[in-house]
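Read off the chains here:
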Amino acid sequence: MGLIRLLLAFAVFNSHFPTFEWSPLVNGHEAVLTFFAISGFYMALILDRSYRDARSFYWSRFLTLYPMYVLALVISLGLLTSLDVHSLTDRATLRAIVADPAAFLVMAWTSATTFGQELLFSLARTPGGGLHFTAYNHDALWADAPLIQAWSLSLEVTFYAMAPFLVRLRTRTLVGLVAASLALKFAVMASPLSGVIFFKRFYPLEFWLFAGGILAYRVHRRLPEGPRWYDYGLFLALAGLALVADGVPRPLLPFFLPTAALLSMPLVFRGFKRLRFDRFAGKISYPFYLLHYIAIALFETYADDPEGGQIAAVALTASIVVHFLFNPGIESLKTKLRRRHALLVPEDGAVLQPVSLP
């Protein structure tokens, strides 16, 4: 699913700097929802194949996400404080946030840990100091965050904390939890709360995506080994759906592409799991997701007429450089974790070879 993940990262970029006007490419928010479904699949895979205990799994996730996140955070803060470069805020606003204890505490915590960063869309600064809840995001703190797109990491981290326990649940229990999450989402969408921004990034409403990914992995485990020609056909279909997903009726947007990914993932993964280029594309999708807004801010500040293709190329190049700077050390540490904790001997006695995982 590496190429699909990279395509979704480009969709997020396109939402922040419209570039691909020739196609109704999936909206950035729905692209992130599809990321959640893929994340559920991969975490079930990792916990099944590589890690015996929750502690080693948590360390693996920390090594995968946090070092690159800190790099992007430092770059963004450095550009904002030194050159006043940011797409949506400025240095004066940052000073005002630092001077407001409540705003500073919330911004510092969510930026340092990512946890709770989705709440920035629902909190706004009160003129006399302090914070208040807002139903709409026009004046909320999210626009002043160093890495605006990092809110999704908060939901990912919440899922990671639960994943070692979720993968042990019976399938029928997971199906029940998926149904409950969807029922809650439908209820909110049909109520007067549907326009409240808080519920656009509320973890219980999106839980069905993560749990659905776990179920998709269980389907994959039951498939015969070896790729089939239709695995690649499904990949082309899923990529094609991503290119037109924003054209579906608005009420279907949160479900259309994520559901298509959940249904096709077991077969698409089987077809592509041994392809190094696909794994490489998946690995650079994360630094691209982190760095693309920084590239946009730089071009908007210093280029007279910035073009999306140029910005995307710069962001992609930076992502590849960051990948090669970080990946060797991260993979070395993760390999040590796998060697200490991976389940290398299955029930049939055959020796499993450690696989390269995201």
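Criteria and cut-off values
- Note on numbering: residues in each chain are counted from 1, in written sequence order.
- Predicted model: local features are reported for residues with pLDDT of at least 70 only, side-chain atom pairs are reported and counted for 80 or more only, and whole-chain, interface and lining totals are derived from all residues.
- With hydrogens and water excluded, all non-hydrogen atoms of the structure serve as input to the side-chain values.
- Secondary structure elements follow DSSP: runs of H or I of four or more residues count as helices, runs of E of two or more count as strands, with numbering from the N terminus.
- A radius of gyration in this sense is built from C-alpha atoms; the matching globule rule multiplies 2.2 Å by the number of residues raised to 0.38.
- Patches here: salt-bridge-free residues with over 30% relative accessible area, like charges joined within 9 Å, nonpolar side chains (Val, Leu, Ile, Met, Phe, Trp, Tyr) joined within 5 Å.
- Per-residue accessibility takes into account occlusion by the displayed protein chains alone, with areas from the Shrake-Rupley method and a 1.4 Å probe.
- Any Lys or Arg side-chain nitrogen located within 4 Å of an Asp or Glu carboxyl oxygen qualifies as a salt bridge.
- The rule is simple: take the accessible area with a 1.4 Å probe, protein chains only, and divide by the maximum for that residue type; under 20% is buried, over 50% is exposed, in between is partly exposed.

(A) Spotlight on the overall build of the protein. For the protein, the helix and strand inventory stands at 12 helices and 2 strands. Mapped from its N terminus to its C terminus, the protein presents α and β elements in the order α-α-α-α-α-β-β-α-α-α-α-α-α-α. A compact globule built from 358 residues should have a C-alpha radius of gyration of about 21 Å, and the protein, at 21 Å, falls within 12% of that. Its C-alpha atoms give the protein principal-axis dimensions of roughly 65 × 45 × 45 Å.

(B) Layout of a nonpolar patch on the surface. Together, Leu83, Leu298 and Tyr302 line one region of the surface with nonpolar side chains, adding up to about 290 Å² of accessible area. Mapped onto the elements, Leu83 comes out in helix H3 (residues 54–83). The exposure class of Leu83 is partly exposed, given its relative accessible area of 44%.

(C) Here's a closer look at the environment of Arg172. Residue position: Arg172 is located in helix H7 (residues 171–189). Residues Arg172 and Ala112 lie 60 residues apart in sequence; the distance between their C-alpha atoms is 37 Å.

(D) The environment of Arg276, seen in detail. Structurally, the position occupied by Arg276 is in helix H11 (residues 276–302). A C-alpha to C-alpha distance of 35 Å links Arg276 and Glu300, two positions 24 residues apart in sequence.

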